[in-house]
Amino acid sequence: MVEVEAAHQQPPPALVFDAARLSGQADIPQQFLWPADESPTPDAAEELPVPLIDLSGGAADAEVVRQVGEACQLHGFFQVVNHGIDPALLAEAHRFTDAFFTLPLAEKQRAQRRQGESCGYASSFTGRFASKLPWKETLSLRYCSASASAAADGGVAAYLVEKLGEEYRRHGEVYGRYCSEMSRLSLEIMEVLGASLGVGRAHFRRFFEGNDSIMRLNYYPPCQRPYETLGTGPHCDPTSLTILHQDDVGGLQVCAAGRWRSIRPHAGALVVNIGDTFMALSNGRYRSCLHRAVVNSRVARRSLAFFLCPEMDKVVRPPGELVDARNPRAYPDFTWRALLDFTMRHYRADMRTLEAFSSWIVRHGHHAPPLNL
Ligand SMILES: C=C1C[C@]23C[C@H]1CC[C@H]2[C@]1(C)CCC[C@@](C)(C(=O)O)[C@H]1[C@@H]3C(=O)O
Ligand SMILES: O=C(O)CCC(=O)C(=O)O
Ligand SMILES: [Fe+2]
């Protein structure tokens, strides 16, 4: 029995995570402290040797297909270079991230994320979770590729202007361009994943042509007790593909072979990992990988995560080639809308989200259209 609702019991009156104030204090509220068996150890985690995959030869390169397939069978993480994304755009997106998160709290709260929604500003999810609060602030934006033709930025600029005012249009245009570039790169990576799984380059690319994705800006203030807190707790991304640009501070860790290993920042490289929804699309062939973000007592850290997601009501079902007597269906059909709603309203995404979701579907009858095996 999965204790799902418990994760969202009404927590005590919301604590406010004002990083400008909290970051300097010797003591921190106990809601931010993590149990010893989940908090990071002081010894630096050894580096996880993930391949720096060179995309200059394009997504058709056989070596790229081999390296991505190998990484996805091992731990689901790899880094790409020569990905074609303008370094100036990456730098501008980070500059605007800094500009936003160093605003006074009241200004940021004008874009406050509402209960059950995935967009907006959140300061450590106080009011959403009762304990093990992440030491971070986030701003999440929605990017709809289908509307990109109309709004050219997937609706990102309009959202920021609506929430924060006309003076944020430039921010929105930069993040909109960033998202459309990430969407383009995601489709190239989907071609590589399709080729590596033997279902052809077009299959997953077509599935994600119209995507309804989430752009998340993570801001991790310095923390004076970095070995008792976590910037982002252990989890697998419930989404399909994550393309993350981290600054040069470091803090992303992956659990591989039962050990936490760090993914060292490489200037200009993008960190890529598959998520739960792609694990279901691959019928479990490729694993969504457990990872977390640790904080430090010296400097703030930022990471920009683009989460590729299918259109809300498209049924997530693996291609027939990946289902046979030896590889029966690993997960039931579902829609991304149902899984997103599950993580927003009923379950804090962790390392068992898809299992918890699968039994939740059965118990709550959220049946997707019948299988057409
Ligand atoms: C669909 C999503 C939920 C989260 C943001 C995206 C993909 C990653 C998820 C998350 C980061 C996993 C760890 C817990 C979480 C609550 C967080 O720390 O932010 C998750 C995000 C969320 O539910 O807002
Ligand atoms: O900040 C990082 O390096 C990782 C963040 C993350 O895993 C997430 O936002 O899902
Ligand atoms: Fe993640």
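Fair warning: this is a prediction, and the values are worked out from it, not measured in the lab.

Draft legend 1. Region of the structure containing the sheet that holds strand β9 (residues 259-262). If you trace the 4 strands from one edge of the open sheet to the other, you get β6-β11-β8-β9, paired in antiparallel fashion. Pairing within the sheet leaves two strands with one partner each, and these edge strands are β6 (232-235) and β9. Here the average twist between neighbouring strands, direction ignored, is 25 degrees. Relative to β9, strand β8 (residues 252-256) runs antiparallel, the two sharing 4 bridges. Paired with Gln 253 across the bridge in β9 is Ser 262.

Draft legend 2. Structural view of the site of ligand 2. Residues in close proximity to ligand 2 include Asn 218, Tyr 220, His 235, Asp 237, Leu 244, Leu 252, His 291, Ala 293, Arg 301, Ser 303 and Phe 307, which together make up its full environment. At a separation of 3.2 Å, an oxygen atom of ligand 2 approaches a polar side-chain atom of Asp 237. Interatomic distance of 2.7 Å between a side-chain N/O atom of Ser 303 and an oxygen atom of ligand 2. When the free accessible area of ligand 2 is taken as 300 Å², the share hidden by the protein chains comes to 96%. Broken down by secondary-structure element, the contributors of at least two residues to the shell around ligand 2 are β5 (212-220), β11 (291-293) and β12 (301-308). The biggest single contributor to the shell around ligand 2 is β12, with 3 residues. By residue class, the composition of the shell around ligand 2 is 5 nonpolar, 4 polar and 2 charged.

Draft legend 3. Seen up close, the sheet that holds strand β3 (residues 120-123). The mixed open sheet is built from 8 strands, whose spatial order is β1-β2-β10-β7-β12-β5-β4-β3. Unpaired on one side and paired on the other, β1 (52-54) and β3 mark the two borders of the sheet. Along the sheet, successive strands turn relative to each other by an average axial angle of 25 degrees, direction set aside. Here 8 bridges tie strand β4 (residues 137-144) to β5, and the two strands are oriented antiparallel to one another. Bridge pairing links Tyr 143 to Ser 213 in β5.

Draft legend 4. Structural detail: the nonpolar core. Residues Phe 78, Leu 139, Leu 193, Leu 241, Phe 278 and Phe 357 are the most contacted members of the largest nonpolar core, which totals 93 residues. In this view, Leu 139 contacts Phe 100, Phe 101, Ala 111, Gly 120, Tyr 121, Leu 160, Met 215, Arg 216 and Leu 217; residues no more than four positions away in its chain are not counted. Within the second largest apolar cluster, 14 residues are counted, among which are Phe 32, Ala 122, Leu 133 and Tyr 220.

Draft legend 5. How the structure looks around the coordination of the iron ion (ligand 3). Taken together, the protein donors to the iron ion (ligand 3) comprise His 235 (NE2), Asp 237 (OD) and His 291 (NE2), at separations of 2.1 Å. Look at where the donors of the iron ion (ligand 3) fall in the sequence and you get H-x1-D-x53-H. Since its relative accessible area comes to 12%, His 235 is described here as buried. Residue classification places Asp 237 among the buried residues on the basis of a relative accessible area of 4%.

Draft legend 6. Looking closely at the pattern of salt bridges. If you walk through the whole model with that rule in mind, you get 27 salt bridges. We note a salt bridge from Asp 27 to Arg 225, for which the minimum N-O separation is 2.6 Å. Residue Asp 27 is located in the loop between α1 (19-22) and β1, and its partner Arg 225 is located in the loop between β5 and β6; the two are separated by 198 residues in the primary sequence. For the salt bridge of Arg 317 with Asp 333, the shortest nitrogen-to-oxygen distance reads 2.5 Å.

Draft legend 7. How the structure looks around the UniProt feature "domain: Fe2OG dioxygenase" (unreviewed entry) in the protein chain. Within this structure's numbering, the places UniProt gives as "domain: Fe2OG dioxygenase" (unreviewed entry) are residues 210-310. Helix makes up 6% of residues 210-310 and strand 44%, whereas the separation of the span's terminal C-alpha atoms amounts to 7 Å.

Draft legend 8. Structural context of the side chain of Asn 296. By the secondary structure assignment, Asn 296 is in the loop between β11 and β12. One polar contact links the side chain of Asn 296 to the main-chain amide nitrogen of Arg 298, over a distance of 2.6 Å. Aside from chain neighbours lying at most four places away, what touches Asn 296 is Pro 222, Cys 223, Pro 226 and Val 249.

Draft legend 9. Here's a closer look at the environment of Ile 214. For Ile 214, the position within the fold is in strand β5. Judged by relative accessible area, Ile 214 falls into the buried class, the value being 12%. Setting aside chain neighbours within four positions, we find Ile 214 in contact with Ser 118, Ser 140, Leu 141, Ala 305, Phe 306, Phe 307, Cys 309, Trp 336 and Leu 340.

Rules used in this analysis
- Residues numbered from 1 in each chain as written.
- Chains lettered and ligands numbered in written order.
- Predicted model: local features only at pLDDT ≥ 70, side-chain atom pairs only at ≥ 80, totals over all residues.
- Heavy atoms only, no water.
- Pairing = 2+ DSSP bridges.
- Helix = DSSP H or I, 4+ residues; strand = E, 2+ residues; numbered from the N terminus.
- Axes fitted to C-alpha atoms, helices over the stretch in contact; angles between N-to-C directions.
- Near = heavy atom within 4 Å.
- Polar contact = N/O pair within 3.5 Å; in protein donor to acceptor, adjacent residues only side chain to side chain.
- Areas by Shrake-Rupley, 256 points an atom, 1.4 Å probe, with all protein chains shown as cover.
- Nonpolar A, V, L, I, M, F, W, Y, C, P; charged D, E, K, R; others polar.
- Core = buried A, V, L, I, M, F, W, Y, C linked by side-chain atoms within 4.5 Å.
- Buried < 20%, exposed > 50% of the residue type's maximum accessible area, 1.4 Å probe, protein only.
- Contact = heavy atoms within 4.5 Å.
- Donors = N, O, S within 2.8 Å, 3.2 Å for Na, K, Ca; no water.
- Salt bridge = Lys/Arg side-chain N within 4 Å of Asp/Glu carboxyl O.
- UniProt positions renumbered as here; feature names shortened; annotations may be inferred.

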